[in-house]
Amino acid sequence: NGYECEERDGGFMLAFSSATDAMQWALNLQVRLLEMAWPEEVLSHPACETCVMVGTVMFNGPRVKVGMATGSVFKKTPSKTTGRADYFGPLLNHAARV
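Here the structure is a predicted model, which is why all the values come from computation and not from measurement.

Rules behind the numbers
- Residue positions are counted from 1 within each chain, in the order its sequence is given.
- Given that this is a predicted model, residues contribute local features only at a pLDDT of at least 70 and side-chain atom pairs are listed and counted only at 80 or more, while totals for whole chains, interfaces and linings are drawn from all residues.
- The side-chain numbers reported here are obtained from all heavy atoms of the structure, hydrogens and water having been left aside.
- The definitions used throughout rest on a 1 Å grid laid over the protein atoms alone, on which a cavity is an enclosed set of points accommodating a 1.4 Å probe that cannot get out and a pocket is an open set flanked by protein within 12 Å on both sides along at least five of seven lines; lining residues are those having an atom within 4 Å of a point.
- Grid points are joined across faces, edges and corners, and a volume is the space filled by probe spheres set on the points.
- By the criteria applied, helices consist of DSSP H or I runs no shorter than four residues and strands consist of E runs no shorter than two, each listed in order from the N terminus.
- Any residue outside Ala, Val, Leu, Ile, Met, Phe, Trp, Tyr, Cys, Pro, Asp, Glu, Lys and Arg is labelled polar, Gly included; the first ten of those are nonpolar and the last four are charged.
- Only protein chains enter the area calculation, which uses a 1.4 Å probe; residues under 20% of their type maximum are buried, those over 50% are exposed, and those in between are partly exposed.

Visitor: Help me out: how do you make sense of the layout of surface pockets in this one?
Guide: What the largest pocket holds in volume is close to 1,200 Å³. Lining of the largest pocket is provided by 35 residues; of these, Phe12, Met13, Leu14, Gly67 and Ala95 occupy positions nearest its centre. Secondary structure elements with two or more residues in the lining of the largest pocket: β1 (2-8), β2 (11-16), α1 (19-35), β6 (85-88) and α3 (90-97). In terms of residue class, the lining of the largest pocket is built from 22 nonpolar, eight polar and five charged.

Visitor: Help me out: how do you make sense of the environment of Gly11 in this one?
Guide: Relative to the helices and strands, Gly11 is located in strand β2. The sequence separation of Gly11 and Val64 amounts to 53 residues, and the corresponding C-alpha distance is 9.8 Å.

Visitor: Explain the environment of His45 to me, please; I cannot follow it from the model alone.
Guide: Here His45 shows up in the loop between α2 (40-43) and β3 (51-53). Looking at His45, the relative accessible area reads 44%, which means it is partly exposed. His45 sits 16 residues away from Gly61 along the chain, and the two C-alpha atoms are 8.6 Å apart.

This is the structure we're talking about:
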């Protein structure tokens, strides 16, 4: 229950109908990245190597960070590129820095 509302410099902003949906998406993303069969040329990069802690694979392949924030937006308008809602206000400024 989410969608991409902005992409800038390789970063994405997604909007979800609930915090639970956002958390589930983030967890699914991390699990799928961990389970991917990454090519050796990806895994050979220092930032993408497999990391094992106490016998458990913690990271495998590219790392991503996911930040979340909840609250009310100041302004919502149609995006000029997607036509979907685009959000503005202090909440979005905070979310971009989490």
